[in-house]
Structure formats: structure tokens, C-alpha cells
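Coordinate inspection notes
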Amino acid sequence: MQLTLVVPELVWPEPDDHDSLDRLPCAGLGTLIARSQLSRCPPQSMEATLCDAFGVAENAAYGAFRVLGESCGPTTVDACWLCADPVHLRLHQERLILADGGSLGIELAEARAIVGELNRHFADVGTFHATAADRWYLQLAAGTDLGRFDVLPLSAVAGRSVGRQLPETPEARWLRQLLNEAQMVLHQHPANERREDEGRSTINSLWLWGAGQLPAGASRGFAGVWSDNVLARGLGRAFNVPVHAVPGNAGTLLAQAPRGSRQLLVLDSLQSPVQYEDADAYRAGLLNLETRWFAPLQKALAGGKIQGLRLVASTAYAALTWHSDRRAQWQLWRRPRSLAATAQALARGEQ
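What counts, and at which threshold
- Residues numbered from 1 in each chain as written.
- Predicted model: local features only at pLDDT ≥ 70, side-chain atom pairs only at ≥ 80, totals over all residues.
- Heavy atoms only, no water.
- Pairing = 2+ DSSP bridges.
- Helix = DSSP H or I, 4+ residues; strand = E, 2+ residues; numbered from the N terminus.
- Phe/Tyr/Trp six-rings, centres within 6.5 Å; stacked < 30°, edge-to-face > 60°.
- Buried < 20%, exposed > 50% of the residue type's maximum accessible area, 1.4 Å probe, protein only.
- Contact = heavy atoms within 4.5 Å.

1. Some thoughts on the sheet that holds strand β9 (residues 224–226)
In spatial order, the strands read β2-β13-β12-β1-β11-β9-β10; together these seven strands make up an open sheet with mixed pairing. The strands lining the two open edges of the sheet, one partner per strand, are β2 (37–41) and β10 (243–244). Where strand β1 (residues 2–6) meets strand β11 (residues 262–266), five bridges bridge the pair, whose relative direction is parallel. Across the sheet, V6 pairs through a bridge with V266, a residue of β11.

2. Digging into the packing of aromatic side chains
Under the definition given, this model contains seven aromatic pairs. When the ring of F54 is compared with that of F222, the centres are 5.4 Å apart and the planes differ by 65°; the resulting orientation is edge-to-face. Pair noted here: F54 is in the loop between α3 (46–53) and α4 (62–69) and F222 is in the loop between β8 (205–212) and β9, with a separation of 168 residues, a long-range link. With a relative accessible area of 7%, F222 lands in the buried category. Considering the side-chain rings of W81 and Y137, the 6.3 Å spacing of their centres and the 85° angle between planes classify their relative orientation as edge-to-face. Here the residue W81 occupies a position in strand β3 (residues 81–92), and Y137 occupies one in strand β6 (residues 135–140), the gap between them amounting to 56 residues. Both residues of the pair, W81 and Y137, count as buried. Through successive ring pairs, a cluster of aromatic residues spans F54, F65, F222 and F239.

3. Considerations on helix α2 (residues 27–34)
Burial runs high along α2: seven of the eight residues are buried. Within the sequence span of α2, burial applies to G28, L29, G30, T31, L32, I33 and A34. Where the residues of α2 are buried, they touch α12 (279–302), β12 (308–314), β13 (319–325), α13 (326–329) and α14 (339–347).

In C-alpha cells, the structure reads:
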């Protein structure tokens, strides 16, 4: 088996943060990467990293792919889609800080009520959909042309300061007006009034990103996608690759995946802790991944159950890829180092 393992935000982005990086017993991960060949590219989002795995070009139609990955999503997937995710923007020291829907505790009933009001207000523009409490979409009317739609994915701005929300292109002028009006609708909605009365952050804006239609083309030949990430599942379905939920551990995956096949596994549990600088959650998540995945996969690679492994990580340092095989994992002179030492080396630009 050839396994591509995607782990966004694998390495804590502050190399001098000893409280977060020191004393993390991750021998499996340390051995795996110490005996791998590292390649690095400029930093990019998790979404771009997933699309790279399928050979999909940059600035892909993330919305269309993500809709396809929803378990209860719209059935019309050949339209022009945008992710229209609910967010909270707050002013902090003259900067706008964005909190994504996953951090707001949105109830599905709230989401559906607000989306219903947006559809009443913007019936001539397209159709809003809430497939989950924190994942909303805008299905644009047929023939809509947005031109080049250069907006960062939500994962790249969550927990961070944001500047321009939409492109300053002529094609997007009407969409900027829509966003302004949508913010007024959100401000006046009873669901937000209740949230404010209860001391909860309001849903005061939308993050419109990932515009486009599904492209034609073929994937890079994966025989299976194992992921709970909706975009990864949508990419698999777009290219007719069987999609599976993430199993409990590496042993279960190895038992279920066909021998000699190429498989893609996406483990994104570190994404949110890094976005919101939650070091305790990051450490707990990393140790969980070590026990269930990194250590057993390193042993499986060294033992020949896996022929080759690519560990791919979108990080603040770079887009990182470690390549390894059984022979490399038996290079015992290549001693593992701590994750703190790895972060320091990455910060210095070392391979």
C-alpha cells in the first residue's frame, strides 16, 4: 500500500513556545520524519493542500467540492457555488478578528432560520443553504460570472485578523453590496438578538469564498479516501474515489484497505487548536494522533505492511511533505529528535 497522510498544522507555529512543544512523547512521529526525505513549498491553506493531492489547480472551486462532500447537501452540484460560512467579526486594537462558525456554538435551528431570511431577502441572487450549523453555501443563479475570485479559505483566517473580505474586481461589486446587505439582515435577526441577550457572540457576517463550478478532469488515482473533512470527501466523490469515515486507528485502516492500493488519509484534528492558539488542545490532539496513527504507521512502514508513506502538512513554516519507505525507516543512524527541535529547524529553513 502507498499511503498519503495529510495532517494540517502538524507543527505548532511558534518554535520558541517551549510550554507547547517541550516534553511531547512522540517517538513514532519523530522516527517517521527523521527517516524521511523532506520537501518544502511556500505556506498554503489546508484546502489548497487537499486539492494538490488530487492534482486540482490553485484557487479551486472549494465550495462546489465541499457541497459534494456533504452527507445531506443540495443535489444540484453543477451550479456555481460559494461557501457562505457564518462568522463573527470583532474589532480588537483597530484590527478585525474573525471567529468561524465552529467556535460560535451555532444551533442548527438558528442556522436554518437565518438562512431562510437570507433567501427571502436575496431571492433574485441565488439560494442559500445550511447543510450544517456552521457550513453554509450560496448557490448562484445560472450564468453568474465572478471573474477571478481571490479570497482566502476560512481556515486561513479563522482566529486571525482579516482585511479585505471580497475582491475589488468589477465582477464582484454586486457581491460586496450583497455582503453589506446580508450583514444588516444578520444584525436585525431575532436569533442574533437572542444570542446577544444571552451574552453569546453574534453571527454578524458571512465569509464568502471558494467560488466556482466543479472542474472536469481525473484524480491522481487514489483507491480510497479516509476522511471526516467535508472538502476531502467531496474531492473524492468528484473523482469517483470511494470515500470512508476515518476509522479508530491505523490497524483498522490497514485491515480494511486493499493491499497494493493508493490511499489518502486526512486527519485534521490539530487545525482548530492551532487556529485559536489552544496549546493544551494541540498537545492532547498530537498525543492522540501519536498513539492511534503515527506510532503504528511507522511500525507498519518499517515492517513492510506499507510500501511508501507521504506525510503532508500545511503549516506556518511551509507546506511540508516527508517521503519515506521501508528501507529508509531502517536507517537507524538517523536519530529522531523532539518536535521542539523539529520546529526550530523548520524556522531556520533547514531541510
